[in-house]
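# Working through the structure, step by step
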Amino acid sequence: MKTLSSGKSTYLNSILKIAVPIILGNIINQIQMLVDRSFLGHVNDLYMSVLGNVSTPVWTTCSVIFSLVSGASILISQKVGSKDTEKCMEYSSSLLKWINVLPVLLFFFWIFCGKFVFRRMGISENMMPMCLEYLYYFSPIFLLIGYEASTMVVMQTSNYTKPMVWFGLVRSGLNIILDWVMIFGHLGCPAMGIRGAALATTISEFAGCIYCTFIFVTTDKLFTRPPLMQVIKAPLKPFLASAKLGINTAFEDFAWNLGNLVLIVILNGVSEKAAGIYSMIFGIEILVVVVIAAVGSATMTLSGEARGACNREKYVSVCKIAYLLSAAVSLLLLAICLAIPRQIISIFTNDPELVSGCGLYLILMCINLFSKSGNIIFGNCIRGAGDTAWMFMTQIFGTVLVISCAVLFVKVLGLGIAGVFLAVITDEFCRAVVNLMRVRSKLKTFEK
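The sections below set out a description of the structure shown in this document. (Residues numbered from 1 in each chain as written. Predicted model: local features only at pLDDT ≥ 70, side-chain atom pairs only at ≥ 80, totals over all residues. Heavy atoms only, no water.)

## Quick word on the overall build of the chain
Which entries qualify depends on this criterion: Runs of E in the DSSP output that reach at least two residues are strands. Runs of H or I that reach at least four are helices, and both are numbered from the N terminus. Each radius of gyration reported is based on C-alpha atoms, and the globular scaling rule is 2.2 Å times the count of residues to the power 0.38. Burial classes follow relative accessibility: with a 1.4 Å probe on protein chains only, a residue under 20% of its type's maximum area counts as buried, one over 50% as exposed, and anything between as partly exposed. We call two residues in contact whenever any of their non-hydrogen atoms come within 4.5 Å of each other.
Each helix and strand in the chain was counted, giving 17 helices and zero strands. For 448 residues, the compact-globule estimate of 2.2 N^0.38 gives 22 Å, and the C-alpha radius of gyration of the chain, at 22 Å, lies within 12% of that figure. In terms of principal-axis extent, the alpha carbons of the chain reach across some 60 × 45 × 35 Å. Buried residues in the chain amount to 58% of all 448 residues. Long-range pairs, those at least 24 residues apart, make up 83% of the contacts in the chain with a sequence separation of at least 6.

Below you can see the structure in the form of structure tokens.
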């Protein structure tokens with residue numbers, strides 16, 4: 001009994017060792033984004049809708065990059081578990097070199113095709129100039145995505161994620177200061193509104209990238225970091241092998257984001273402010289989701305190591321402990337939202353109608369978090385075992401389900417914004433149950 005308890009404590013410590021720095025870095029980043037929304041919402045309520053309409057399709061494309069690197073993360077973690085150092089270096093060096101091609105293509109896509117995408121989303125002529133202005137000043141960030149994503153994989157698979165905290169502090173701290181200066185026009189800077197928010201984010205992202213590079217090059221704790229010459233000479237084939245595994249996750253994320261994009265279009269049909277309200281609630285939710293996602297990242301790394309070492313007991317324990325941590329965080333947010341809903345909403349808007357009417361959406365969002373926690377944790381356990389195709393298939397089902405339910409609840413039953421939240425709850429719950437069953441079936445693949 002003592003040995004079993006000690007083993008579970010070890011797995012908890014392993015999860016926290018990877019997840020806590022990611023959590024702190026993500027929370028810092030999300031606080032910056034909430035401050036950004038708060039500043040803009042108090043200048044113009046429509047700015048929240050601008051952020052919602054721009055960030056959703058942009059993230060839909062950017063998520064492809066982060067999903068592709070997940071394939072390398074899985075393979076490197078499995079090779080760490082099986083102690084195959086040579087293969088670790090092959091995958092990491094090829095990733096660091098070749099992943100950076102795609103962000104350049106994204107940059108040019110959004111520069112030349114942004115207006116076309118926004119028109120297809122049904123964005124009003126009133127908001128179109130603001131959306132395009134934000135996009136153009138934000139777009140240089142695309143050039144950094146591949147590099148940042150690949151260096152984070154090396155840190156995560158080396159179980160050394162502490163630099164992410166300082167990365168978040170540098171990037172987000174500077175962003176908040178520049179937001180205050182550029183949005184409102186302080187310290188002699190002209191008030192630039194939505195353009196200032198985008199420019200502040202871009203400058204801060206480049207500053208954070210410089211810091212990240214310094215740590216990545218100088219630290220001696222990254223045992224999955226390849227030598228520079230190996231990166232320069234890295235062939236394409238290992239990257240394609242990892243991308244083949246990650247492409248399912250890319251398609252999965254694309255399907256999820258596509259569903260979310262359709263929800264934004266449906267909300268634009270409800271009212272001009274509906275997408276802004278959804279974006280505001282999502283901004284509150286994401287503050288907790290990034291915590292759960294960090295635990296999920298640790299879960300994928302450790303379950304990948306367990307798969308590589310054929311350690312069934314580790315696989316099961318990591319999954320259970322990770323979900324309990326995520327459920328506890330969800331419960332905490334639910335308690336806070338039940339206690340002070342009006343105070344939370346008033347952070348983002350002065351509109352008394354929105355302050356009094358959005359409490360229900362907060363509660364629905366919190367209820368959904370318990371199922372979303374399951375999808376994040378169970379999904380990463382499934383990915384860690386190397387089964388990314390399953391997650392893609394269940395997400396296709398989920399996208400069809402959430403869109404169908406949203407059309408039913410909003411267009412047919414006339415439930416408005418609440419209908420969208422109910423559709424999301426239905427989708428997340430159904431997929432959480434299915435993915436839990438898949439995790440249980442994965443246990444049969446381990447050697448006993």
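## Observations regarding the side chain of Thr-161
To keep it simple, the criterion reads: Side-chain atoms alone can form a polar contact between residues adjacent in sequence; in general such a contact is a pair of N or O atoms within 3.5 Å, and within protein one must be able to donate a hydrogen while the other accepts it.
Mapping Thr-161 onto the fold places it in the loop between helix H6 (142-157) and helix H7 (163-184). Given a relative accessible area of 1%, Thr-161 falls into the buried group. Here the side chain of Thr-161 touches Ile-18 through a polar contact of 2.8 Å, landing on its backbone oxygen.

## Quick word on the nonpolar core
Note the cut-off: For our purposes a nonpolar core is just a set of buried Ala, Val, Leu, Ile, Met, Phe, Trp, Tyr and Cys residues, chained together by side-chain atoms within 4.5 Å.
In this structure, Ile-15 and Phe-118 are the most contacted members of the largest nonpolar core, which totals 131 residues. What Phe-118 contacts, discounting residues up to four positions off in sequence, is Asn-53, Val-54, Pro-57, Trp-110, Ile-123, Met-128, Cys-131, Leu-132 and Leu-135. Counting residues in each nonpolar core, the second largest holds six residues, with Val-181, Met-182, Cys-189 and Met-192 among its members.

## Re the packing of helix H2 (residues 46-81) against helix H3 (residues 85-98)
Two quantities define a packed helix pair, namely the angle between the axes and the distance from one axis to the other. Keep this limit in mind: All axes here are fitted lines through C-alpha atoms, helices being fitted over the stretch that makes contact, and every angle between N-to-C directions spans 0 to 180 degrees. The cut-offs work like this: below 35 degrees is roughly parallel, past 145 is roughly antiparallel, 65 to 115 is roughly perpendicular, and the gaps in between are oblique. Left-handed describes a crossing in which the near helix is turned anticlockwise from the far one by less than a right angle; the clockwise case is right-handed. The residue classification treats Ala, Val, Leu, Ile, Met, Phe, Trp, Tyr, Cys and Pro as nonpolar and Asp, Glu, Lys and Arg as charged. All others, Gly included, are polar.
Viewed as axis vectors pointing N to C, H2 and H3 meet at an angle of 165 degrees, and their least axial separation amounts to 9 Å. Comparing the axis directions of H2 and H3 gives the class roughly antiparallel. Classified by chirality, the crossing of H3 by H2 is left-handed. Where H2 abuts H3, its residues Val-69, Ala-72, Leu-75, Ile-76, Lys-79 and Val-80 lie against Lys-87, Cys-88, Tyr-91, Ser-92 and Leu-95. Per-class residue counts for the contact of H2 with H3 are eight nonpolar, one polar and two charged.

## Some thoughts on the pattern of salt bridges
The condition is simple: Think of a salt bridge as a Lys or Arg side-chain nitrogen and an Asp or Glu carboxyl oxygen that are within 4 Å of each other.
Evaluation of the coordinates by the stated rule reveals 10 salt bridges. For Glu-90, the salt bridge goes to Lys-87, with nearest N and O atoms at 3.5 Å. With Glu-90 and Lys-87 both in helix H3 and three residues apart, the pair spans about one turn of that helix. Classification of Lys-87 as partly exposed rests on a relative accessible area of 32%. Here Asp-427 makes a salt bridge to Arg-431, at a shortest N to O gap of 2.8 Å. One end of the pair is Asp-427 and the other is Arg-431, both in helix H17 (residues 417-442) and four residues apart, which spans about a single turn.

## Quick word on H6
Here is the rule: Between the first and last residue of a helix there are one fewer steps than residues, each counted as 1.5 Å, and that sum is the expected span.
Given a rise of 1.5 Å per residue, 16 residues ought to cover 22 Å, and the 24 Å separating the end C-alpha atoms of H6 matches this to within 8%. Where burial is concerned, most of H6 is hidden: 14 out of the 16 residues are buried. Within two residues after H6, Asn-159 carries a phi angle of roughly 55 degrees, on the positive side.

## Some thoughts on the packing of helix H11 (residues 274-309) against helix H12 (residues 312-339)
Following both chains from N to C, one finds H11 and H12 inclined at 175 degrees, their axes separated by 9 Å at the closest point. Judged on the interaxial angle alone, H12 and H11 are roughly antiparallel. Across from Val-288, Val-291, Ile-292, Val-295, Thr-299, Leu-302, Ser-303, Glu-305 and Ala-306 in H11, the residues of H12 making contact are Lys-314, Tyr-315, Val-318, Ala-322, Ser-326, Val-329, Ser-330 and Leu-333. Split by residue class, the contact of H11 with H12 holds 11 nonpolar, four polar and two charged.

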